[in-house]
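Breakdown of the fold
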Amino acid sequence: MTKELKKTDEKVTINETMPHQINAPSFEGTGIKMKPPFVNEHGVVIGDSNYSSPDSPLENWTEDTDPEIMAGEEWVHPTNDIGWNTAENRELLESKKKPKAYPFMHHTIDVSKGTD
């Protein structure tokens, strides 16, 4: 997408997650940074978790509204999207995290002693 979308100052994340969404994944430790909400070319805020905007075609739908108006990347937030709740995308995030014991170090015992 080549269009520049306007960002908002609204912050909806804490520690690379969205605590207000019970099933939202955590991006912490994945290298993926949470992105702020943005305003698309129709004046609709995307990624604020409100899912309703007075300027949205959904809120102003008529039988003359072309559904194609809501197609495209400008309607999808890169990190605050329902798609992150799928099993496949959760696995993707988990695969990017380092194991909890990595690198393994014991604070008082040299566990590598005698292995070389």
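Thresholds applied
Residues numbered from 1 in each chain as written. Predicted model: local features only at pLDDT ≥ 70, side-chain atom pairs only at ≥ 80, totals over all residues. Heavy atoms only, no water. Helix = DSSP H or I, 4+ residues; strand = E, 2+ residues; numbered from the N terminus. Buried < 20%, exposed > 50% of the residue type's maximum accessible area, 1.4 Å probe, protein only. Areas by Shrake-Rupley, 256 points an atom, 1.4 Å probe, with all protein chains shown as cover. Patch = residues over 30% accessible without salt bridge, like charges linked within 9 Å, V, L, I, M, F, W, Y side chains within 5 Å. Salt bridge = Lys/Arg side-chain N within 4 Å of Asp/Glu carboxyl O. Phe/Tyr/Trp six-rings, centres within 6.5 Å; stacked < 30°, edge-to-face > 60°.

1. Here we look at the overall build of the protein chain
Counting its regular elements, the protein chain contains one helix and three strands. Element order for the protein chain, N to C, with α for helix and β for strand: β-β-β-α. Considering the protein chain as a whole, with its 116 residues, one finds that 28% of them fall into the buried category. For the protein chain, the exposed area adds up to about 8800 Å²; of that, 53% sits on carbon and sulfur atoms.

2. Structural notes on the environment of Ile 82
Along the chain, Ile 82 turns up in the loop between strand E3 (45-46) and helix H1 (87-96). Look at Ile 82 and you get exposed, because its relative accessible area is 68%.

3. Some thoughts on a nonpolar patch on the surface
A cluster of nonpolar side chains, namely Leu 58, Trp 61 and Ile 69, defines an oily patch on the protein surface of about 280 Å² accessible area. For Trp 61, the position within the fold is in the loop between E3 and H1.

4. Structural notes on the packing of aromatic side chains
Throughout the structure, instances matching the rule amount to one aromatic pair. Ring plane angle 80° and centroid distance 5.0 Å describe the contact between Phe 27 and Trp 84, whose orientation is recorded as edge-to-face. Here Trp 84 lies in the loop between E3 and H1 and Phe 27 lies in the loop between strand E1 (6-7) and strand E2 (38-39), a separation of 57 residues in the sequence. Neither residue differs from the other here; Phe 27 and Trp 84 are each classed as buried.

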